[in-house]
Amino acid sequence: MNFHILTLFPEMIMQGIGTSITGRAMEAGLISVEAVNIRDYSDNKHCKVDDYPYGGGAGMVMYAEPVYQAYEAVREKIGQKPRVIYMTPQGKVFRQEMAEELFKEEDLIFLCGHYEGIDERVLEEIVTDNVSIGDYVLTGGELPAMVMIDAISRLVPGVLNNDASAEIESFHDNLLEYPQYSRPEEWRGKKVPEVLMSGHHANIEKWRREQSLIRTIQRRPDLLENANLTKQERIFVDKWIREQETENIMDTEETAGD
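Residues numbered from 1 in each chain as written. Predicted model: local features only at pLDDT ≥ 70, side-chain atom pairs only at ≥ 80, totals over all residues. Heavy atoms only, no water.

Selection rule: UniProt positions are given in the numbering used here, feature names are shortened, and annotations may be inferred rather than shown by experiment.
In the annotation of an unreviewed UniProt entry, the entry for the protein reads tRNA (guanine-N(1)-)-methyltransferase, and the organism field reads Diplocloster modestus. The UniProt entry for the protein carries the following comment under Sequence similarities (unreviewed entry): "Belongs to the RNA methyltransferase TrmD family." You can read under Subcellular location (unreviewed entry) in the UniProt record for the protein the words "Cytoplasm".

See the structure below:
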């Protein structure tokens, strides 16, 4: 995959993406990351890219033309009109299913705004997707772009040492990942569940799936509505919830009795 990031701070992008798993993927040629400096397309000698907003108000707004020219340079180089993702808190919230959708693209452009935003006219001209990573405000779009690139890159074959990892992590089937354990077998009185040391792969997979269901119920019950569950798993979820409700009632009655 080829990621093109239109930004005022290219060094921030390359220093962040060029490390760990994404850095190794770049070295191996599995992904390419290009940080395009919007200032390079400014038409004034001071490379100014922003000005006060019409109508007044706090902050500065980025000019349309440098952003458009930076986009055009990428478009001409790759020979097609790719999807352009504008990082904005007003956009659709980024989720794993969006990462899986965007992974199908060969080229993606990420547009990173700053200050009070970007002139609306160029956004209307080039942006195909408005995306947010959460309901909060950041200084610029660079960190959200890096978050998205990291999530999408993990789906590219060969990026993870174990390609199966991408299939069993949190949000696979809209469930959270099961708990993980490593050596030693006992740590501060806490033991690794016996089933994981049994060598019985079917029982291990059954335990892990059940733990994913339980963890999702406990921490992100909102995910269950769209989770990919079998009929038996739905029965397991309903039973587990009923048992917990019964235990809570009994605990409340015991506390009242005391």
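Read on for the rest.
## Examining the sheet that holds strand E6 (residues 107-111)
Convention followed: Pairing between two strands is assigned when DSSP locates at least 2 bridges connecting them. Secondary structure is summarised from DSSP: a helix means a run of H or I of at least four residues, a strand means a run of E of at least two, and numbering begins at the N terminus for each. Think of each axis as a best-fit line through the C-alpha atoms, taken over the contacting stretch in the case of a helix, with angles from 0 to 180 degrees between the N-to-C directions. Here a residue-residue contact requires only that any non-hydrogen atoms of the pair lie within 4.5 Å.
Judged by pairing direction, the sheet is parallel, and its 5 strands sit side by side in the order E2-E1-E6-E5-E7 without closing on themselves. With one partner strand each, in any of the chains shown, strand E2 (32-37) and strand E7 (129-132) form the two edges of the open sheet. On average, adjacent strands in this sheet sit at an angle of 35° to one another, irrespective of strand direction. Of the strands in this sheet, strand E1 (2-7), E2, strand E5 (83-93) and E6 are in contact with helix H3 (residues 64-78), which crosses E1 at around 160°.

## Section: the UniProt feature "binding site: S-adenosyl-L-methionine" (unreviewed entry) in the protein
Applicable threshold: Space inside and on the surface of the protein is sampled on a 1 Å grid over the protein atoms alone, with a cavity defined as a set of points where a 1.4 Å probe fits but cannot get out and a pocket as an open set with protein on both sides within 12 Å along at least 5 of 7 lines; lining residues have an atom within 4 Å of a point.
In the numbering used here, UniProt assigns the feature "binding site: S-adenosyl-L-methionine" (unreviewed entry) to Gly113, Ile133, Gly134, Asp135, Tyr136, Val137 and Leu138. Lining the largest pocket, from the set of annotated residues above, are Gly113, Ile133, Gly134, Tyr136, Val137 and Leu138. In this fold, glycine 113 is placed in the loop between E6 and helix H5 (120-126). Beyond its immediate sequence surroundings of up to four residues, glycine 113 is in contact with Met62, Tyr86, Ile118, Thr139, Gly140 and Gly141.

## A look at the side chain of serine 132
Operational definition: Buried residues are those whose accessible area, probed at 1.4 Å on protein chains only, stays under 20% of the maximum for their type, while exposed residues exceed 50% and partly exposed ones sit between those limits. Between N or O atoms, a polar contact is any pair within 3.5 Å; within protein, one atom must be a potential hydrogen donor and the other a potential acceptor, and residues adjacent in sequence are included only when both atoms are from side chains.
Within the secondary structure layout, serine 132 lies in strand E7. On the basis of relative accessible area, serine 132 is assigned to the buried category, the value being 4%. Here the side chain of serine 132 touches glycine 134 through a polar contact of 2.8 Å, landing on its backbone oxygen. Not counting chain neighbours up to four residues away, the residues in contact with serine 132 comprise Thr88, Pro89, Gly91, Lys92, Val93 and Phe94.

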